[in-house]
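These are the residues of each chain, in order.
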Amino acid sequence: MVAGVLVFPGVASAATITPTVTFDQLDGAAPCSLREAVRSANANSDQGGCTHSGAYGADLIVLAGDDYELSLPSTDEDASADGDLDVTESLTIQGLGADATGIDGNSSVTSDRVFHLTAGTLTLSGLRVHDGAFLLNESSGGGVLANSGTTLNLVNAAVSNNRSPDGVGGGICSGGAVNLNGSTVSGNQSTSDGSGIFSGNGSVTLVDSAVSDNSGTDGITAINGDTTLVNSVVADSTSTGINSNSPVALTKSTVRGNGGSGIIGSTVTLDDSTVTENRGGPGVFATVGNFSLNRSTVSDNSSPSLDGAGLRGSGTIVNSSVLRNVSATGGGGISTGGGDLTIAGSTIAGNDTGPDGRGGGIYFLSSGTLNLSNSTLSGNQARGSGGGIEADVGTSNLANVTISGNVADSDSTGPGAAGGGIARYSGTVNLRNSIVAGNLDHGAFSSPDCFGGVNSQGYNLFGQLTADCPISGVLTGNQTASPQLFFLARNGGPTLTEALAPASPAVDSAYPGSGPGQSCEATDQRGVPRALGGRCDKGAYERVLCRGQLVNVVGTNGADSLAGTSGNDGILGLNGADRLSGGSGNDGLCGGAGDDRLAGGSGKDFLDGGVGSDRCAGGSGSDRAVACERKSSVP
C-alpha cells in the first residue's frame, strides 16, 4: 500500500469470457449465461454457450450494464450447478460500475448466497452483489462466502442487501483476506457476528471504502487478522463498528454512529482519524495492548456499562482531542485500569460520568504511570470525584498542563465526592509549570481545584487551595490567583486551547531555567516554541506575538499553507517550506526555519521571513517586510 492506494497483484487473464444473456441457465447449449461462464473459468474449458479460449490461469469474465439474476434453486452443491456461483480458482469478474452492473442472488428463489469462493483469489470489479441469503441450514455469508486461505478483492464494487439469517457475515464471510478499494458494504443483515464483514482468519483492508448501515450485529468482525482502514468509513451498525481480537489501524478514516462501541481491538491506532457518536460502549477499547492516537478525535461516544466512554485501556495520545464522551460509570473521557498512559499536546474536554462515576476527564486507576504534558483538561464533569482527573494509584506526572473549568459532584448528590480539578486517593501526583484553577466541587468536601494533595515540582498556579489539598515538595514559584484564561477556542494547532489574557499571572512566570523535573516543555500545546515568548508561561498555552499580533494560526514541522481570517491574525510557520497568506485584517506573518513564501492580504500586514530563503509579496494594504531574501510590492 502506497499513499493510500491498495495495489492488487497483476494477473494476466488466461481467458476472457463474455456472457451473452442476463438470465440464469445451465443446459449445455447457447447462449452463454453467467453461471456457465463461471463453470467455464473453473474448468478451463467450454461450458454451454461459453467459449474458453485461453490456457490455465486466472480468467476474466466481462459483464454488460445490466442485472444478472440467479434463478436455479440450491441443492447446496459446490460446482455452480445451481444456487450460488461457486468459484474454484482465481477469477476476475468485471462490470461497468456498481450502479450499472449487478448480480442478484435472488434468494427467495435460490435459497442461496451469491458467491462461494473455495480456492484462489476472486476479484469483483465495477459491480454490485445483492439479495443473497443462504437459507438451507445454519451457514454464513449472505453475499459472499470465501473459504480459508482465499483472497476476496472488491474494486469499485458494492455488496448490499444480503442476509445471513442463522450465521455470520451478512455481506461477506471470509476465512482469508478481504480487500476493499473504492467499494461499499451496506444494508446487509446477520444474526451473529459481522453483519457487514466477518473475517475468520485473515486481514481486512479498506481503502477509500465504506462499511455502513449493516444491521443485526457488528459492522466488521475480524478474528485473528489485522483490520486496516485508509480514507474509509465504518458507520451505523447495530452493534460495534469494528470488533476484533487483533490490531486495528485507521488513517484518515472515521468510525461513527454505531450502536455498540466504535472500535474494539487488541491494539488500536488512529492517525488523522475520528471515532464519534457510538452509543453502546467505549469509542476505542484496546483489550490487550495499547491504543495510539495522533492528530485524531474521539468524541460524543456513550458507554452505558463500561468505564471509559471515549477510550478504555492504556496507550499514547498526541495532538488529539477527547471530547464530550459520557460514561455511565467512571472515566467519561479516558479510563486506564492497567499499564501506562501518555498524553501530550491534547485536549480532554466536556466529558461526563454517570451517578457516582469518578474521573470525568481521566480515570487513572493503574499502578503504572500517567504522563500528561502540554495538554488542557476543561469542562469535564464527574458525578463523583475528580472532575478533571482522578488518580487512584500509580504515579502521575503533570507538566505544563491547564486544568480549568472541571466539576466534581456535578449533580450535588455525592457527600464523599471531591476534587473538581484533581482527586488523588493514593499514589503520587507530581505537578510543575501548570495551572489548576477555576474548577468547582459541589460536594461536602468543597475542594474545587484538588483533593488529596499533590507533590509540587515548582512554578504552579492554583486558583483555590483548601485543607483537603496539601501541597508538598518544591513550593518555589507557586501562585494562588485567578489565571485569567479565555474560553476553550481554536488558537492555532490541531486542538482547542485556553489562551492566557495579557495580564494573566501565568505569563512569563514558569521555571526560568532548565533542569530535570523543573524545566518547561520546549513547545506549547499548539507546537509554538516557548522560547518565542521569552520566559515560558505556566500551563499548556504560551502567549506569543508575531510582529505585534497574537499568534492564533500555527503550522507544523512540515510544509503548510496557512491563511489569515477577517480578524487580526498572528500566523506562525515552523520548520517546513510554508506558504503564509494574510487575510483582511492587520496580520503578522512569521516564517520559520524553512524556505517560506509570505503574501500580504488586504490589511496592513507585517511580513517576517525568519530563517531560510524567503519570498515576501505585499498585498493591497500598506505592508512591511523584514528578513525576506526576495521582496515584491513591499518596501
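In what follows, the structure referred to is the one given above.
Residues numbered from 1 in each chain as written. Predicted model: local features only at pLDDT ≥ 70, side-chain atom pairs only at ≥ 80, totals over all residues. Heavy atoms only, no water.

**Some words on the overall build of the protein**
Across its full length, the protein holds two helices and 69 strands. Overall, the C-alpha framework of the protein stretches about 95 × 70 × 35 Å when taken along its three principal axes. Evaluated residue by residue, the protein yields a buried proportion of 56% over its 635 residues. In the structure as shown, the protein presents an accessible area of about 21,500 Å², 49% of it carried by carbon and sulfur atoms. Positive and negative side-chain charges in the protein, numbering 29 and 59 respectively, have mean positions lying 14 Å apart. (Helix = DSSP H or I, 4+ residues; strand = E, 2+ residues; numbered from the N terminus. Buried < 20%, exposed > 50% of the residue type's maximum accessible area, 1.4 Å probe, protein only. Areas by Shrake-Rupley, 256 points an atom, 1.4 Å probe, with all protein chains shown as cover. Lys, Arg positive; Asp, Glu negative; His and termini not counted. Charge placed at Lys NZ, Arg CZ, Asp CG, Glu CD.)

**Thoughts on the environment of arginine 256**
One can find arginine 256 in strand S26 (residues 254–256). Taking C-alpha positions, arginine 256 is 9.4 Å from serine 212, a pair spaced 44 residues apart along the chain. With near-sequence residues (within four places) excluded, arginine 256 lies in contact with Val233, Val234, Ala235, Asp236, Thr276 and Asn278. (Contact = heavy atoms within 4.5 Å.)

**Overview of helix H1 (residues 34–43)**
In terms of residue burial, H1 counts as a mostly covered element, since eight of its ten residues are buried. The secondary structure elements touched by the buried residues of H1 are strand S1 (16–17), strand S2 (59–62), strand S3 (67–69), strand S4 (85–87), strand S5 (91–94) and strand S6 (102–104). Asparagine 44 lies just past H1 and shows a positive phi near 55°.

**Some points on the side chain of asparagine 278**
Within the secondary structure, asparagine 278 sits in the loop between strand S29 (274–276) and strand S30 (284–294). Among the polar contacts listed, one links the side chain of asparagine 278 to the backbone nitrogen of glycine 257, at a separation of 3.5 Å. Apart from the residues within four sequence positions on either side, asparagine 278 is in contact with Val255, Arg256, Gly257, Asn258, Gly260, Ser261, Gly262, Asp300, Asn301 and Ser302. (Polar contact = N/O pair within 3.5 Å; in protein donor to acceptor, adjacent residues only side chain to side chain.)

**Looking at the sheet that holds strand S47 (residues 407–408)**
Spatially, the three strands line up as an open sheet ordered S43-S47-S51, and their pairing is parallel. Pairing within the sheet leaves two strands with one partner each, and these edge strands are strand S43 (381–382) and strand S51 (440–441). (Pairing = 2+ DSSP bridges.)

**As for the sheet that holds strand S60 (residues 549–554)**
Strands in a sheet are paired, the pairing made by backbone hydrogen bonds, and the direction either parallel or antiparallel. The six strands are arranged S59-S60-S62-S64-S66-S68 in an open sheet whose pairing can be described as mixed. If you trace the sheet from one side to the other, it starts and ends with strand S59 (545–546) and strand S68 (624–626), each paired once. As paired elements, strand S62 (residues 570–572) and strand S64 (residues 588–590) share three bridges and run parallel to each other. Bridged to leucine 572 within S64 is cysteine 590.

**Considering the state of the cysteines**
The tally for this structure, following the rule as stated, stands at five disulfides. The disulfide partner of cysteine 546 is cysteine 590, and the gap between their sulfur atoms is 2.0 Å. The chirality of the disulfide connecting cysteine 546 with cysteine 590 is right-handed, given an S-S dihedral of about 105°. Placement of cysteine 546 in strand S59 and of cysteine 590 in strand S64 is noted, with a sequence separation of 44 residues between them. Cysteine 546 sits in the buried class, given a relative accessible area of 1%. For cysteine 590, a relative accessible area of 11% puts it in the buried group. Through a disulfide, cysteine 616 is tied to cysteine 628; the S-S separation comes to 1.9 Å. Residues cysteine 616 and cysteine 628 are joined by a disulfide whose S-S torsion is about -70°; by sign, that bridge is left-handed. Note that cysteine 616 is positioned in strand S67 (residues 615–617) and cysteine 628 in the loop between S68 and strand S69 (630–632), a separation of twelve residues in sequence. (Disulfide = S-S within 2.5 Å.)

**Here's the deal with the pattern of salt bridges**
Once the charged atoms of two side chains with opposite charge are near each other, the side chains can pair. According to the stated counting rule, one finds eleven salt bridges in the structure shown. Taking the shortest distance from any N to any O, the salt bridge between glutamate 521 and arginine 432 comes out at 3.5 Å. Of this pair, glutamate 521 sits in the loop between strand S58 (497–500) and S59 while arginine 432 sits in strand S49 (residues 428–432), and the two are 89 residues apart along the sequence. By relative accessible area, which is 16% here, arginine 432 ends up buried. The salt bridge involving arginine 547 is made with aspartate 608; its shortest N-O contact spans 3.1 Å. Here arginine 547 is found in the loop between S59 and S60, whereas its partner aspartate 608 is found in strand S66 (residues 606–608), with 61 residues between them in sequence. (Salt bridge = Lys/Arg side-chain N within 4 Å of Asp/Glu carboxyl O.)

**Section: a negative patch on the surface**
Together, Asp66, Asp67, Glu69 and Asp131 make up a region of like negative charge exposed at the surface. With respect to the helices and strands, the residue aspartate 66 is situated in the loop between S2 and S3. For aspartate 66, a relative accessible area of 40% corresponds to the partly exposed category. (Patch = residues over 30% accessible without salt bridge, like charges linked within 9 Å, V, L, I, M, F, W, Y side chains within 5 Å.)

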